[in-house]
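Here are the chains, one letter per residue:
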Amino acid sequence: MKEIPAYFRESWDTFSSPGYPKLVERYSKLFGMALECSKPPFVFAGNLDASPAGRILTFALAPHASNEQAHPNMEAEFQWRLRYFDQEKMPHRLHSFYAKILQGVLNCNLPFGQSESRWLDALGYLTFDLVPFYAKKWVSPTWRKQEVTAVVQRHFCECLKLVADKRVSLALFSGKAWEDLLLGSRGHPQFGDFRNHTSFQLCEVTGNRHHVSRVSVGELHFSGESIPSVVIGALIHRVYGFSYADAVAVGERIRTFSSTQTSEPYFKQAAL
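Thresholds applied
- Residues numbered from 1 in each chain as written.
- Predicted model: local features only at pLDDT ≥ 70, side-chain atom pairs only at ≥ 80, totals over all residues.
- Heavy atoms only, no water.
- 1 Å grid on protein atoms, 1.4 Å probe; cavity = no way out; pocket = protein on both sides within 12 Å on 5 of 7 lines; lining within 4 Å.
- Points joined across faces, edges and corners; volume = space filled by probe spheres on them.
- Helix = DSSP H or I, 4+ residues; strand = E, 2+ residues; numbered from the N terminus.
- Nonpolar A, V, L, I, M, F, W, Y, C, P; charged D, E, K, R; others polar.
- Axes fitted to C-alpha atoms, helices over the stretch in contact; angles between N-to-C directions.
- Parallel < 35°, antiparallel > 145°, perpendicular 65-115°, else oblique.
- Left-handed = near helix turned anticlockwise from the far one by under 90°.
- Contact = heavy atoms within 4.5 Å.
- Expected span 1.5 Å × (residues − 1).
- Buried < 20%, exposed > 50% of the residue type's maximum accessible area, 1.4 Å probe, protein only.
- Pairing = 2+ DSSP bridges.

*Asks:* I keep staring at empty space enclosed by the protein and nothing clicks. Help me out?
*Replies:* In this approach a probe as big as a water molecule rolls over the atoms, and the regions it shows empty are the leftover space. Inspection of the entire model under this criterion finds one cavity of 30 Å³ or more. Every residue lining the largest cavity is listed: Phe8, Ser11, Trp12, Pro40, Pro41, Val43 and Glu77. Considering every element that reaches the lining of the largest cavity, the biggest residue donor is helix H1 (residues 6-16), with three residues. The class makeup of the residues in the lining of the largest cavity is five nonpolar, one polar and one charged.

What follows is the structure in structure tokens.
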């Protein structure tokens with residue numbers, strides 16, 4: 001049986017403590033959004049046993065309070081998280097958009113007869129969020145508050161430590177808050193060492209002038225490792241008029257950049 005990571009144990013123990021509702025109430029005020037205390041902090045979802053070619057990571061903003069139910073104990077919660085994508089039905093629409101982008105990046109089609117969710121699972125796909133607490137409605141926090149950035153930065157580092165033992169093929173971030181924090185845009189304090197190589201607007205791919213969000217392609221440096229990364233300045237599944245075909249085209253645009261800027265593919269994935 002796979003060992004439960006220390007950060008997952010810590011998060012469950014915090015959830016199980018009598019003071020958890022008060023803690024969530026305090027963070028609700030700190031972050032300026034309603035957070036849910038009936039569910040444990042969200043650490044990860046996906047298969048921690050990476051494929052031989054390496055892991056693929058995705059990062060969104062916060063789990064939604066209306067989704068999912070807490071399990072009766074830590075072991076049940078952990079096993080469910082491990083098997084999150086090992087199923088026929090995609091757990092959340094956002095991951096279908098991620099899957100389409102990955103098909104463009106990797107220049108491949110879904111294997112015949114395989115569900116999109118299980119295809120992600122086979123890729124060594126893991127997903128995380130910026131804020132570990134379930135939110136009733138996302139509201140961008142005041143990032144200049146040191147305590148706010150301390151919470152999300154610590155969570156971010158702990159999540160990346162879960163994959164520190166294996167190579168990461170790609171990290172894909174979606175949401176304006178990630179652009180603000182990783183690129184330090186709009187005067188926000190920057191955390192993480194993200195080095196941007198190129199960027200383009202979604203409209204350059206989709207032809208829709210309303211698709212103004214920017215896609216930044218570069219590298220995230222963490223614990224001495226360089227992780228090929230893409231930051232999309234919007235929650236990709238909520239961009240009005242943005243289709244699955246558009247998502248594949250965005251992935252192809254990312255792949256085109258990587259193949260022309262380096263001597264080998266920037267995002268490598270073997271034995272699909």
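*Asks:* Would you take a moment to explain the packing of H1 against helix H3 (residues 74-82) for this structure?
*Replies:* Between two packed helices, what matters for the description is the angle formed by their axes and the separation of those axes. Orientation of H1 relative to H3, taken along the N-to-C sense of each, is 130 degrees, at an axis distance of 11 Å. Relative to H3, H1 is oriented oblique. Every pair of crossing elements has a handedness; the one defined by H1 and H3 is right-handed. Side by side, H1 and H3 meet where Phe8, Arg9 and Trp12 of the first sit next to Met74, Glu77, Phe78 and Arg81 of the second. In terms of residue class, the contact of H1 with H3 is made up of four nonpolar, no polar and three charged.

*Asks:* Is there a simple way to think about the environment of Tyr7 in this case?
*Replies:* Inspection of the secondary structure puts Tyr7 in helix H1. Taking the C-alpha atoms as reference points, Tyr7 and His155, 148 residues apart in sequence, are found 9.1 Å from one another. Ignoring any residue separated from it by four or fewer positions in sequence, one finds Tyr7 in contact with Val43, Arg154, His155 and Glu158.

*Asks:* Can you walk me through helix H6 (residues 146-161) in this structure?
*Replies:* Residues three or four positions apart in an α-helix share a direction because the helix packs 3.6 residues into each turn. Taking 1.5 Å per residue as the helical rise, H6 with its 16 residues ought to reach 22 Å, and the 22 Å between its terminal C-alpha atoms agrees with that figure. Within the sequence span of H6, burial applies to Val148, Thr149, Val151, Val152, His155, Phe156, Glu158, Cys159 and Leu160.

*Asks:* Is there a simple way to explain unusual backbone geometry in this structure?
*Replies:* With phi around 55 degrees, Asn107 is a residue other than glycine that occupies positive phi space. Taking relative accessible area as the criterion, Asn107 reaches 54% and is therefore assigned exposed. In this model, Ser223 sits at a positive phi of 50 degrees, which is unusual for a non-glycine residue. Counting through the fold element by element, Ser223 comes out in the loop between strand E6 (214-222) and strand E7 (225-232).

*Asks:* How do you make sense of the layout of surface pockets when you look at a structure like this?
*Replies:* Empty space within the largest pocket amounts to approximately 430 Å³. Along its surface, the largest pocket is lined by 25 residues, and Ala62, Pro63, His64, His92 and Asp129 are the ones closest to its centre. For the lining of the largest pocket, the secondary structure elements donating two or more residues are helix H4 (93-106) and strand E3 (125-129). A per-element tally of the lining of the largest pocket places E3 first, with three residues. Volume-wise, the second largest pocket comes out at about 250 Å³. Along the walls of the second largest pocket sit 13 residues, with Tyr7, Glu10, Tyr27, Phe133 and Arg154 positioned nearest its centre. Elements supplying a minimum of two residues to the lining of the second largest pocket: H1, helix H2 (20-31) and H6.

*Asks:* Would you mind showing me how to read the side chain of His95 here?
*Replies:* Mapped onto the elements of the fold, His95 is located in helix H4. A residue is classified by how much of its surface remains accessible, and His95, at 6% relative accessible area, is buried. For His95, the residues in contact, after removing those within four places along its chain, are Thr58, Phe85, Met90, Leu120, Tyr125 and Thr127.

*Asks:* I keep staring at the packing of H2 against H6 and nothing clicks. Help me out?
*Replies:* Running from amino to carboxyl end, H2 crosses H6 at an angle of 120 degrees, the nearest separation of the two axes being 10 Å. The orientation of H2 relative to H6 falls into the category oblique. Viewed along their axes, H2 and H6 form a crossing whose handedness is left-handed. In this structure, H2 contributes Arg26, Tyr27, Leu30 and Phe31 to the contact, and H6 contributes Glu147, Val148, Val151 and Val152. Its residues placed into classes, the contact of H2 with H6 shows six nonpolar, no polar and two charged.

*Asks:* In this structure, what is going on with the pairing of E3? I would like to understand it.
*Replies:* On a regular strand, each side chain points to the face opposite its neighbour's, so the side chains alternate between the two faces of the sheet. The buried fraction of E3 is high, at five of five residues. In this sheet, E3 lies alongside strand E1 (residues 45-46) in antiparallel orientation, the contact comprising two bridges. Among the inter-strand pairings, Gly46 is bridged to a residue of E3, identified as Leu126.

By themselves, these figures tell us nothing about what the structure is for.
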